[in-house]
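Structure at a glance
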Amino acid sequence: MCGSCVSIGQLHITLSAAHALCLAKACASHGGLMESLIDSLKRISASDSQPVSQASTDFCWIHGRTVGSSDIEKIAQSAVSGKGQNLNLASTGIAPPLVCQLLSLLHGAPIKILDLSYARLGENECAVLGTVLPTLSNLTDLILEGCDLPPNAPALLDLAHCAATRVNLSNNAISDEGAARVSQSLEAPGCQIKYLNISNNGISSHGGKRLCKALARNSSLKSVYLDDNSIADSAEGLVQACGVVELSLKCTGIRP
């Protein structure tokens, strides 16, 4: 999607073209609006630069900050001690080896949210994640958006043994093979997932049909997002098989 980038020092904000136009019109109409906006953004930027030791106790880390090797132990200690229950590492640029190192230190941590969005998770990282997930008994939200998850990622099977009730795997490329693995997790006895987002994952109608069977056998799901997958041929079966309250099938090739 095309957009415009507003830069203030080292702070970069990407807006859609429409939102950028609205902002420009608003600033033109109200002379002090841009100055006020800049002051607010500078304050946000300054607060985001604080070290781990000063971060909010609700979080082990804050979205968008840079994570280096020297931070891993501090983050893990905060998570394991229960001081940081929401582990938000989204868009932090954490390197794959550091992901492995951190995850290996999280066994049994009482965290509620694990957000690794846009961290690259290859086979090694997924293998470690697969061993850690069953030990996180307090986990409610697992967010792995845009992590380059491989279709054979062990974590896709381990969702059945994960305490999380909300799972976001959107914007990966798990394809039909990954959809089959997710389906196995959904069919497993004791599956607790209530919200599942696997939008934009290169899933075809073949994978959609496999999901149909899983949805028909699953009783926990309340919301399923399958947007931006080419599953038009299996859409009717999904609707019929799905007992969920909310099923999203936007941009799936379905004709009105």
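Reading guide: rules and limits
Residues numbered from 1 in each chain as written. Predicted model: local features only at pLDDT ≥ 70, side-chain atom pairs only at ≥ 80, totals over all residues. Heavy atoms only, no water. pLDDT = per-residue confidence, 0-100. Helix = DSSP H or I, 4+ residues; strand = E, 2+ residues; numbered from the N terminus. Contact = heavy atoms within 4.5 Å. Disulfide = S-S within 2.5 Å. Buried < 20%, exposed > 50% of the residue type's maximum accessible area, 1.4 Å probe, protein only. Axes fitted to C-alpha atoms, helices over the stretch in contact; angles between N-to-C directions. Parallel < 35°, antiparallel > 145°, perpendicular 65-115°, else oblique. Left-handed = near helix turned anticlockwise from the far one by under 90°. Expected span 1.5 Å × (residues − 1). Phe/Tyr/Trp six-rings, centres within 6.5 Å; stacked < 30°, edge-to-face > 60°.

This brings us to the confidence of the model for the protein chain. Fine structural detail should not be taken from predicted coordinates in areas where pLDDT scores are low. Overall, the prediction assigns the protein chain a mean pLDDT of 78, with 68% of residues at 70 or greater. Taken element by element, the protein chain is modelled with least confidence in strand β1 (residues 3–8), mean pLDDT 44, and with most confidence in strand β7 (residues 166–168), mean pLDDT 97. Below pLDDT 50 for its whole length, residues 1–20 participates in 26 contacts with residues either more than four positions away or in separate chains. The low-confidence segment residues 40–57 (pLDDT under 50) makes 18 contacts with residues lying over four places distant or belonging to another chain.

A few words now on the state of the cysteines. Under the counting rule described, the total for this entry stands at zero disulfides. Cysteine C100 remains unbridged, with the sulfur of C126 as its closest cysteine sulfur at 9.1 Å. Owing to a relative accessible area of 18%, C100 belongs among the buried residues under this scheme. Just so you know, C147 is unpaired, no disulfide at all, and the nearest cysteine sulfur is the one on C126, 8.1 Å from it.

The geometry of helix α3 (residues 72–81) relative to helix α4 (residues 96–104) is characterised by a closest axis approach of 9 Å and an angle of 30° between their N-to-C directions. The angle between α3 and α4 falls in the class roughly parallel. The way α3 lies across α4 gives a crossing that is right-handed. Counted together, I72, I75 and A76 of α3 and L98, Q101 and L102 of α4 form the full contact between these two elements.

What follows deals with helix α8 (residues 205–217). The end-to-end C-alpha distance of α8, which contains 13 residues, comes to 19 Å, matching closely the 18 Å that a straight helix rising 1.5 Å per residue would cover. Here α8 has its buried residues at S205, G207, G208, L211, C212, A214 and L215.

Across all of its chains, the model carries one aromatic pair by this definition. Summarising the aromatic geometry, the rings of Y195 and Y225 are spaced 5.5 Å apart at their centres and angled 45° between planes, so their arrangement reads as tilted. A residue pair is termed long-range when its members are at least 10 positions apart, and Y195 in strand β8 (residues 195–197) and Y225 in strand β9 (residues 223–225) qualify at 30 residues. Judged by its relative accessible area of 16%, Y195 is buried. In this structure Y225 comes out as buried when scored by relative accessible area, which is 19%.

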